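What follows is each chain in one-letter form.
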There are 2 protein chains.
Amino acid sequence: MNPHPYYNPDLHGAYRLINIGDLDLVCGQTLHDCTLAVATHGRLNDRKDNAVLIPTWYSGTSKIIEDVFIGPGRAIDPDQYFVIVINQIGNGLSSSAHQHAGFPAIDIADDVSAQHRYITQHLGLTRLALVMGGSMGAQQTFEWAVRFPHMVQRMAAIAGTARTSEVNKVLADAIIDGLRVQPPSAGLSQHARLMTLYGLSAAFFEHQHFKPLGFDSVDAFVDGFMKPYFLPMDPGNLTTMLQKWRAADVAHLAGGNVRDALQRITAKALIMPIDQDMIFPPSASQADAEMIEDAVFHVSHSPAGHLALFGIDNDWVQEVDGQLFELLARE
Amino acid sequence: MNPHPYYNPDLHGAYRLINIGDLDLVCGQTLHDCTLAVATHGRLNDRKDNAVLIPTWYSGTSKIIEDVFIGPGRAIDPDQYFVIVINQIGNGLSSSAHQHAGFPAIDIADDVSAQHRYITQHLGLTRLALVMGGSMGAQQTFEWAVRFPHMVQRMAAIAGTARTSEVNKVLADAIIDGLRVQPPSAGLSQHARLMTLYGLSAAFFEHQHFKPLGFDSVDAFVDGFMKPYFLPMDPGNLTTMLQKWRAADVAHLAGGNVRDALQRITAKALIMPIDQDMIFPPSASQADAEMIEDAVFHVSHSPAGHLALFGIDNDWVQEVDGQLFELLARE
């Protein structure tokens, strides 16, 4: 099979493809030979107590996780931790729609089941010092902490909630419908616009925070940053992830009651929204935090809004590092 | 000609169709037999000093203006004022794309030129006690007050700015492209979603302000309120208005300098954004107000965001009335 022009290690850094076998999915179908693309940093220590798991967010891969969160001297320091970055199913590096006609619907719970199988059966781990993620990565983090509370010592949910809000379902529907537009480049351009409008913030545009990124105008930012980001992607892969996001609800583990679900969490938790985030406003994260026994709620600051996750605001990246240092020091 | 199933007086209340003749447009073309749909309330007094002009906003008609702003005992009281509501060109009641193939691009300045011709040559007025409008109606209000300062005694710009922001151009582009989707009902449904996402506010959905409107869920609100509102409309008419919105800039009257333009205003001004408005955030209106000599800046409050203009939040409607009473009392 020829390498895909976008979904390959040249663009996304080294990862291993791990076949974890057939995965029975929430939708009732089976994903045969489910393959996880896994990037690791650092080494497992002898006590096997320094593993950090980071699942990826919508449209992202293990590469951006490494760029934004991992490095010597950082909170997530590969000299200290064994960092396991697992690409979510459907993101183009793990099993994805662009590889298979009729790719099934994937649930956040399917990702966590697959990751759990890899973590326990392939790596032989029983504890994770930290599970963390942003956006859909935060949703996987919630699912981990609720489903496997005995394994998750700490959790950090950054700019993501335990269940997808009703209005975010409208946003997901709008983006999904937009991706159906032909030709695919037109749908992906529209997608780039919608993510520009909802992913950033009024302050980002008003105070021209695109200028330090090298763009003279909003149009130049959309054409030079947002479109080039989305245009190489596969609309089917994006749709898999959007439908997964749309359906995400940790309460499925507790008969539909989100409070009952979150009260199962025993991890020391950091719940950290971004103040200007239009997709996941801080109030929704505060409600999550109040239902978790041992949660620190911290509102991080960035005019970049949700897309602060891209690492385009260095102040925000440093603020997150500070919070993660504190979380990792909690015993 | 058969009446259009949506653009007719049965749905939008009584109006007169006034042929003001050929109109030379900003785009260089001529709109032949430019026809304005005009609804009036009350009577001109003998001194001819009680005329109030209200142009319409995007997608709206004279009907919603009447419902939200006009009535006995209200600030805009037809027992006291001669209220002239003029449908903007392209809105389906005045000259519009659904009536003519190859309908030309219309500028806010074209609307104001057409309205001025009607007001001066047909009605014989030289002064307007008040020009007011919401959203694109506010943009026409700014254009009036800058272009004809000697005529405009008072102005109220509600939830609209003197020039369209860069990010709103991205929103306009997204909506315009969405309207090209076939079949038209699919494009209009997508349009309804985008206006749901940007027209309301996070607080509106979080605190379920759709429930007092009779909807049990966000989906029910979108399906039962937003889609039925947009689905009967003509995508070409909406596109005319969107392109007009996209290009709106009062600074065209002053060599591109918005400060020079706004400093021409002699009207007593009320600049009134809505605190939760995601399309026209209050900070942008504050900047406008600071450039106008005699402006009161007041941030009105509604979780309905921009679509408070629809009159779905009675507290906001009353707050606006209070501000308009104060403006009309200013001498």
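Structure first, text after, so check above.
As a starting point, this report considers the structure included with it. (Residues numbered from 1 in each chain as written. Chains lettered and ligands numbered in written order. Predicted model: local features only at pLDDT ≥ 70, side-chain atom pairs only at ≥ 80, totals over all residues. Heavy atoms only, no water.)

Next up on the list: the packing of aromatic side chains. Tallied over the entire structure, the rule returns 27 aromatic pairs over all chains. Three or more aromatic residues joined by ring pairs make a cluster, and in this case those are A:Phe204, A:Phe205, A:Phe210, A:Phe215, A:Phe221, A:Phe225, A:Tyr229, A:Phe230 and A:Phe310. (Phe/Tyr/Trp six-rings, centres within 6.5 Å; stacked < 30°, edge-to-face > 60°.)

This next bit is on the packing of helix α6 (residues 184-199) of chain A against helix α5 (residues 166-179) of chain B. Running from N to C, α6(A) and α5(B) point in directions that differ by 140 degrees, and their axes come no closer than 10 Å. As far as their axial angle goes, α5(B) and α6(A) are oblique. As α6(A) packs across α5(B), the resulting crossing turns out to be left-handed. Across the interface between the two elements, A:Gln190, A:Arg193, A:Leu194, A:Thr196 and A:Leu197 from α6(A) touch B:Val167, B:Val170, B:Leu171, B:Asp173, B:Ala174, B:Asp177 and B:Gly178 from α5(B). (Axes fitted to C-alpha atoms, helices over the stretch in contact; angles between N-to-C directions. Helix = DSSP H or I, 4+ residues; strand = E, 2+ residues; numbered from the N terminus. Parallel < 35°, antiparallel > 145°, perpendicular 65-115°, else oblique. Left-handed = near helix turned anticlockwise from the far one by under 90°. Contact = heavy atoms within 4.5 Å.)

Our next topic: the layout of surface pockets. One way to see where empty space is left: roll a probe the size of a water molecule over the atoms. Looking at the largest pocket, its volume works out to about 1200 Å³. Elements represented by at least two residues in the lining of the largest pocket include exactly α5 (166-179), α7 (202-206), α9 (235-247) and α11 (282-290) of chain A together with α7 (202-206) and α11 (282-290) of chain B. With 5 residues, α11(A) is the largest single contributor of residues to the lining of the largest pocket. In the lining of the largest pocket, the residues fall into 23 nonpolar, 13 polar and 13 charged. By volume, the second largest pocket is sized at about 670 Å³. Lining of the second largest pocket is provided by 32 residues; of these, A:Glu206, B:Thr164, B:Ser165, B:Glu166 and B:Ala284 occupy positions nearest its centre. Mapped onto the lining of the second largest pocket, the elements with two or more residues apiece are α7 of chain A together with α5, α9 (235-247) and α11 of chain B. With 4 residues, α5(B) is the single largest residue contributor to the lining of the second largest pocket. Among the residues making up the lining of the second largest pocket, the classes are represented as 19 nonpolar, 6 polar and 7 charged. (1 Å grid on protein atoms, 1.4 Å probe; cavity = no way out; pocket = protein on both sides within 12 Å on 5 of 7 lines; lining within 4 Å. Points joined across faces, edges and corners; volume = space filled by probe spheres on them. Nonpolar A, V, L, I, M, F, W, Y, C, P; charged D, E, K, R; others polar.)

Below, the discussion takes up the state of the cysteines. Residue and element names in this part refer to chain A. Following the criterion strictly, the structure yields 0 disulfides over all chains and no others. Free cysteine cysteine 27: the closest other cysteine sulfur is in cysteine 34, separated by 12 Å. The class of cysteine 27 is partly exposed, set by a relative accessible area of 38%. (Disulfide = S-S within 2.5 Å. Buried < 20%, exposed > 50% of the residue type's maximum accessible area, 1.4 Å probe, protein only.)

Our focus in this paragraph is the side chain of B:Asn91. Residues and elements named next belong to chain B. Position of asparagine 91 among the secondary structure elements: in the loop between β4 (82-86) and α3 (108-122). Of the polar contacts made by the side chain of asparagine 91, one reaches the backbone nitrogen of serine 94; its length is 3.3 Å. The contact partners of asparagine 91, leaving out residues within four places of it in the chain, are Tyr7, Thr56, Gly60, Thr61, Ser96, Asn237 and Met241. (Polar contact = N/O pair within 3.5 Å; in protein donor to acceptor, adjacent residues only side chain to side chain.)

Here the focus is the sheet that holds strand β5 (residues 51-55) of chain A. Residue and element names in this part refer to chain A. Spatial ordering of the open sheet is given by β1-β4-β6-β5-β7-β8-β9-β10, a layout of 8 strands whose pairing is mixed. The open sheet is flanked by β1 (16-19) and β10 (295-297), the only strands paired with a single partner. With strand direction ignored, the average angle separating the axes of adjacent strands in the sheet is 20 degrees. In the sheet, strand β4 (residues 35-41) pairs with strand β6 (residues 82-86) via 4 bridges, with the strands oriented antiparallel. Residue pairing in the sheet places threonine 40 in a bridge with isoleucine 84 of β6. On the sheet, helix α4 (residues 136-147) packs against β5, β7 (130-134), β8 (154-158) and β9 (268-272) and is oriented at approximately 150 degrees with respect to β7. (Pairing = 2+ DSSP bridges.)

This part takes up the interface of chain A and chain B. Counting residues at the interface gives 25 residues for chain A, matched by 25 residues for chain B. Taking both sides of the interface into account, the surface hidden between chain A and chain B amounts to around 2200 Å²; carbon and sulfur atoms contribute 67%. Taken as a group, A:Val170, A:Arg193 and A:Leu197 account for 26% of the area that chain A buries against chain B, more than any other trio of residues on that side. Summed over the shared surface of chain A and chain B, the result is 3 salt bridges. (Buried area = accessible area lost by both parts, 1.4 Å probe. Salt bridge = Lys/Arg side-chain N within 4 Å of Asp/Glu carboxyl O.)

This part covers the pattern of salt bridges. Here the structure, examined in full by the defined rule, presents 27 salt bridges over all chains. The structure contains a network of salt bridges with shared partners spanning A:Asp177, A:Arg180 and B:Arg193.

Moving on to helix α12 (residues 314-329) of chain B. All names here are of chain B. Taking 1.5 Å of rise per residue, 16 residues should cover 22 Å, and α12 covers 23 Å from first to last C-alpha, within 8% of that figure. For α12, every residue scored as buried is listed here: Trp316, Val317, Glu319, Val320, Asp321, Gln323, Leu324, Leu327 and Leu328. You can read the cap of α12 off the contacts: a side-chain oxygen lies 3.1 Å from the backbone nitrogen of aspartate 315, and it is on aspartate 313. (Expected span 1.5 Å × (residues − 1).)

Nothing here speaks to function; it is geometry throughout.
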